[in-house]
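# Structural overview
Listed below are the residues making up each chain.
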There are 2 protein chains.
Amino acid sequence: MVTKSSRRTHSVPEPAPPLASRPLYLQARDRLVREIVDGVWKPGDYLPSEAQLAVTFGVSIGTIRRATEELAAQGLLERQHGRGTQVVPHSSDRSRFRFLRFVHPDGRSFRPVAHLIQQSVQPATREDLEHLDLPKNAEVLVLLRTRSEDGVPLIYERIALPAERFSKLHFEAGQDMLEEIYVLYQKHSGETVVRAEDDIRADAATRAIATALGCEVGTPLLMVRRVAFSLTGDRVEHRKSWTATLRYRSLLD
Amino acid sequence: MVTKSSRRTHSVPEPAPPLASRPLYLQARDRLVREIVDGVWKPGDYLPSEAQLAVTFGVSIGTIRRATEELAAQGLLERQHGRGTQVVPHSSDRSRFRFLRFVHPDGRSFRPVAHLIQQSVQPATREDLEHLDLPKNAEVLVLLRTRSEDGVPLIYERIALPAERFSKLHFEAGQDMLEEIYVLYQKHSGETVVRAEDDIRADAATRAIATALGCEVGTPLLMVRRVAFSLTGDRVEHRKSWTATLRYRSLLD
DNA sequence: GAGTGGTCTAGACCACCCA
DNA sequence: GGGTGGTCTAGACCACTCA
């Protein structure tokens, strides 16, 4: 039950208002997020109807609506007319397009297969610590992989994950990763990625990258650094991706 | 007056509904946009209050609210509690942060001064035609400029604008451009940029760019291509920016 | 204190999905 | 046909701004 601070409607009087409170729709929104984080509603589940939620939360339908609409805009929920409101499953299709994305020079979309080169738990680098907001001496699970189309490697990638949080996640080296990796985070470690920050710079191919991508050392590359955030706002992934041939495209709107 | 298709409330009967109509809040939203495009409300103006708009448009306040909230989320309006709702002026500060932006490697924001190298009207390149959606043989106004901080040029930029639309825009070559360029588009040509699509790739410095940026030919560069859209959804700017040292950062959220 | 936007409610009716 | 979300309204009260 969300806390009302003595609101009246239609001139019904009421005793003195206690503490100032956050708007009900924010309380409702946060409560829904918390319940999703806690696994009360899992990705793929349908929430109770708005009318039900309104009763449960002790607010009006309009307030529930405002909360769910905000979460839908944010990509966490999906409202389906006539069916209900679903906690968005991290289906491969959806998650690939929620962030900026790589495309071919001609604008064709990029549909890669990922190939794991190596995985290991190791001390976090200075960069990892900073971007994942980890304490000194923390360890990270590092995945090195390429992403290819038609057998041609186009992206070389290093992914660092907080080792503790992702202790249940591991792969066979050399294995093809058929599922979208955010789906795996969710399935094996219960981490749902909802947001990411990217930043992009120019870089020159190192020996290792040149080998993996089959280009020359020193070739101009795009380096995309991504920090991904979970439902709870924690930094859960630090990824660096290098590509020589692809472009990176914004999806504003 | 927006067109209602026979809506009733509180069981008040009414004759047969005519054609299916778009939701009133969309009609209201579009009408507001059209009025802003037509100059009825100029950037910096305050709209009439919600109550007034509701009367004028013949809908309820809630409907007006939904329309203006959408436009506010989109960045076209700014709601100010207790003051009113303002058509967002393209103030330098605001427009710089509405899109992806360049930052320094350490995350410091980049506050450049632009320096015009050359301007000329010329036949559009194949790329210009494609990205600006212009007819064959169209001409574009091309601006070449650098953007510097503390006298150090960090970005080299080529901006192509449809020559007809921007016939009133011109500068002295060699001049420093102190105002944000989108403010100039608005002031001199009545074009308000509301949205942009970026795409980013790696490139190597050409002779011209190397000279302008003081780097070596072949240095890995970030090339950002931006297509900017006006209020009416037309493509009004095709810009390519090259930088060796800066990063490009997303602002999702 | 008048006027504006911000929150919240209650209720009507519409449009869609599915059994 | 029952249930769900989508649109729209009317009205109460709150919180902020400015004269």
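Above this note sits the structure.
Summarised in this report is the structure supplied together with it. (Residues numbered from 1 in each chain as written. Chains lettered and ligands numbered in written order. Predicted model: local features only at pLDDT ≥ 70, side-chain atom pairs only at ≥ 80, totals over all residues. Heavy atoms only, no water.)

### So, the overall build of chain A
Looking only at helices and strands, chain A has seven helices and 11 strands in total. Looking at chain A as a whole, 49% of its 253 residues qualify as buried. Of all intrachain contacts in chain A linking residues separated by at least 6 positions in sequence, the fraction that spans at least 24 positions is 60%. Summed over all atoms, the accessible surface of chain A reaches about 12,900 Å², with 51% contributed by carbon and sulfur. (Helix = DSSP H or I, 4+ residues; strand = E, 2+ residues; numbered from the N terminus. Buried < 20%, exposed > 50% of the residue type's maximum accessible area, 1.4 Å probe, protein only. Contact = heavy atoms within 4.5 Å. Areas by Shrake-Rupley, 256 points an atom, 1.4 Å probe, with all protein chains shown as cover.)

### Topic: the relation of the copies chain B and chain A
With an RMSD of 0.1 Å, the operation that places chain B on chain A is a rotation of 180° combined with a shift of 0.1 Å along the axis. The transformation just described matches what one would write down for a two-fold rotation axis. Measuring from the rotation axis to each C-alpha of chain B, the shortest distance belongs to P220(B), at 2.3 Å. Of all interface residues in chain B, 100% are interface residues in chain A too; the two copies therefore contact each other through one and the same surface. (Least-squares fit on C-alpha atoms with pLDDT ≥ 70 in both.)

### Quick word on the packing of aromatic side chains
Residues and elements named next belong to chain B. All told, the structure shown has eight aromatic pairs over all chains when counted by the stated rule. Ring geometry for F166 versus Y185: centroids 5.1 Å apart, planes at 70°, classification edge-to-face. One end of the pair, F166, is in the loop between β6 (152-162) and β7 (176-177); the other, Y185, is in helix α6 (residues 181-189), with 19 residues separating them in the sequence. Classification of F166 as buried rests on a relative accessible area of 1%. For Y185, a relative accessible area of 0% corresponds to the buried category. Ring plane angle 50° and centroid distance 5.4 Å describe the contact between Y182 and Y185, whose orientation is recorded as tilted. (Phe/Tyr/Trp six-rings, centres within 6.5 Å; stacked < 30°, edge-to-face > 60°.)

### Things to note about helix α3 (residues 61-73) of chain B
Residues and elements named next belong to chain B. Across its 13 residues, α3 extends 18 Å between first and last C-alpha, which sits within 8% of the 18 Å expected from 1.5 Å per residue. For α3, the set of buried residues is T63, I64, A67, T68 and L71. Mapping the buried residues of α3 onto a view down its axis gives an arc of 125°, with all of them on the same face. Taken together, the buried residues of α3 touch α1 (24-37), α2 (50-57) and β1 (77-80). Directly beyond the C-terminal end of α3, a positive phi value near 95° is found at G75. (Expected span 1.5 Å × (residues − 1). Arc of directions from axis to C-beta.)

### Let's talk about the interface of chain B and chain A
The interface of chain B with chain A comprises 22 residues on the first partner and 22 residues on the second. Run the count over chain B and chain A and you get two salt bridges. R247(B) is paired through a salt bridge with D199(A); the nearest N and O atoms lie 2.8 Å apart. There are four residue pairs in polar contact (both at pLDDT 80 or more) connecting chain B and chain A. Mapped by element, the contributors of at least two residues to the side of chain B that touches chain A are β8 (193-204), β9 (220-230) and β11 (247-249) of chain B. With 10 residues, the top contributor of residues to the side of chain B that touches chain A is β8(B). Here two bridges tie strand β11 (residues 247-249) of chain A to β8(B), and the two strands are oriented antiparallel to one another. Note that in β8(B) the partner of Y248(A) across the bridge is I200(B). (Salt bridge = Lys/Arg side-chain N within 4 Å of Asp/Glu carboxyl O. Polar contact = N/O pair within 3.5 Å; in protein donor to acceptor, adjacent residues only side chain to side chain. Pairing = 2+ DSSP bridges.)

### Things to note about the sheet that holds β6(B)
Spatially, the nine strands line up as an open sheet ordered β3(A)-β11(A)-β8(B)-β9(B)-β10(B)-β6(B)-β5(B)-β4(B)-β7(B), and their pairing is antiparallel. Strands at the two margins of the open sheet, each flanked by one partner only, are β3 (101-103) of chain A together with β7 of chain B.

### Observations concerning the pairing of strand β4 (residues 113-123) of chain A
All names here are of chain A. In this sheet, strand β5 (residues 139-149) lies alongside β4 in antiparallel orientation, the contact comprising 10 bridges. Bridge assignment links S120 to a residue of β5, and that residue is V142. Two strands pair when backbone bridges link them, and β4 and strand β7 (residues 176-177) are joined in this way by two bridges, in the antiparallel orientation. What sits directly across from A114, in β7, is M177.

### Side note on the sheet that holds β4(A)
Taken in spatial order, the nine strands line up as β7(A)-β4(A)-β5(A)-β6(A)-β10(A)-β9(A)-β8(A)-β11(B)-β3(B) in an open sheet, and their pairing is antiparallel. With one partner strand each, in any of the chains shown, β7 of chain A together with β3 (101-103) of chain B form the two edges of the open sheet. Sitting on the sheet, helix α6 (residues 181-189) of chain A is in contact with β5, β6 (152-162), β7, β8 (193-204), β9 (220-230) and β10 (235-243) of chain A, with an inclination near 155° to β10(A). (Axes fitted to C-alpha atoms, helices over the stretch in contact; angles between N-to-C directions.)

### Here we look at the nonpolar core
Counting residues in each nonpolar core, the largest one holds 22 residues, and the members touching the most others are I200(A), Y248(A), I200(B) and Y248(B). Broken down by secondary-structure element, the contributors of at least two residues to this core are β6, β8 and β9 of chain A together with β6, β8 and β9 of chain B. Once residues lying within four places of it in the same chain are set aside, the contact partners of Y248(A) are L100(A), R101(A), F102(A), D198(A), I200(A), L222(A), V224(A), R226(A), D198(B), D199(B) and I200(B). Residues W41(A), V59(A), L77(A) and V194(A) belong to the second largest nonpolar core, which totals 19 residues. (Core = buried A, V, L, I, M, F, W, Y, C linked by side-chain atoms within 4.5 Å.)

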